[in-house]
Amino acid sequence: MPFSETLLPEFDEEMKNTRRMIECVPDDKFDYQPHPKSMTLGRLATHVAELPSWTVFTLDREVLELGPDFKPALATSRAELLKLFDKSVAEAREKIVAATDEEWGKIWTFKYGGQTILSMPRSAVMRSSIMNHLIHHRAQLGVFLRLNDVAFPGMYGPSADEATFQVAAASA
């Protein structure tokens, strides 16, 4: 079975879950920062929303080089986050569907300030630097939301905010 075909069900499920999390981001908490070393909630949510678009960079070029002057995107509202996310997912999915196993096997390199940060097959970039990276930051986003008393849905089962979790826990 081609890599794209095996990846798509997982991609679709993770994107569905991620969108549900982004839908919970409150417009009035974008400046929230739990620690000076942490991103703001707005920057973190923007990063989560843009991560699927990295699929396009990965499949369209063999090297991505960013410099110290690179300025990351910063959405200013939930509506903007959802628009960015939906566009990122649609473009990524289109690229995944079209990619051949040969393309997935090609080495992709990320450089920052002239130094190679990583160099690996595109399929590994998709799994680690895009999918796993997104899941990691989505979990951080859940913590930021929890610290602000914002309810959010479970990703792989109910969250503590969902009545089904509370009912199951009470009857155990």
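Residues numbered from 1 in each chain as written. Predicted model: local features only at pLDDT ≥ 70, side-chain atom pairs only at ≥ 80, totals over all residues. Heavy atoms only, no water.

## Things to note about the overall build of the protein
Next up, step 1: Along its length, the protein carries 7 helices and 3 strands.
Next up, step 2: For the protein, buried positions account for 40% of its 172 residues.
Next up, step 3: Residue pairs at least 24 apart in sequence account for 73% of intrachain contacts in the protein once pairs closer than 6 positions are excluded.
Next up, step 4: For the protein, the accessible area works out to roughly 9400 Å², and carbon and sulfur atoms hold 57% of it.
Next up, step 5: The distance from the centre of the 19 positive side-chain charges to the centre of the 24 negative ones in the protein is 3 Å. (Helix = DSSP H or I, 4+ residues; strand = E, 2+ residues; numbered from the N terminus. Buried < 20%, exposed > 50% of the residue type's maximum accessible area, 1.4 Å probe, protein only. Contact = heavy atoms within 4.5 Å. Areas by Shrake-Rupley, 256 points an atom, 1.4 Å probe, with all protein chains shown as cover. Lys, Arg positive; Asp, Glu negative; His and termini not counted. Charge placed at Lys NZ, Arg CZ, Asp CG, Glu CD.)

## What to know about the sheet that holds strand E1 (residues 63–66)
Next up, step 1: With respect to topology, 3 strands assemble into an open sheet ordered E1-E2-E3, the strand pairing being mixed. Whereas interior strands pair on both sides, the edge strands pair on one side only; in this sheet they are E1 and strand E3 (115–121). Across the sheet, the axes of successive neighbouring strands diverge by a mean angle of 10 degrees, strand direction being ignored.
Next up, step 2: By the bridge criterion, 6 bridges tie strand E2 (residues 107–112) to E3 in an arrangement that is antiparallel. The partner of Lys111 across the bridge, within E3, is Thr116.
Next up, step 3: Here helix H6 (residues 122–147) sits on the sheet and contacts E2 and E3; the angle it forms with E3, its principal contact strand, is near 110 degrees. (Pairing = 2+ DSSP bridges. Axes fitted to C-alpha atoms, helices over the stretch in contact; angles between N-to-C directions.)

## Brief notes about helix H4 (residues 78–98)
Next up, step 1: With 21 residues, H4 ought to run about 30 Å at 1.5 Å a step, and its terminal C-alpha atoms sit 30 Å apart, in line with that.
Next up, step 2: Buried residues belonging to H4 abut helix H1 (3–22), helix H2 (41–50), helix H3 (54–60), helix H5 (101–105) and H6. (Expected span 1.5 Å × (residues − 1).)

## As for H1
Next up, step 1: With 20 residues, H1 should cover 28 Å at 1.5 Å per step; its first-to-last C-alpha distance of 28 Å lies within 8% of that length.
Next up, step 2: At Pro9, H1 is deflected by roughly 25 degrees, the largest bend along its length.
Next up, step 3: Turning to H1, its buried residues number three or more, namely Phe3, Ser4, Leu7, Leu8, Phe11, Glu14, Met15, Asn17, Thr18, Met21 and Ile22.
Next up, step 4: Packed against the buried residues of H1 are H2, H4, H5 and H6. (Bend = angle between axes of the 7 residues up to and from the residue.)

Shape descriptors only; they carry no functional weight alone.
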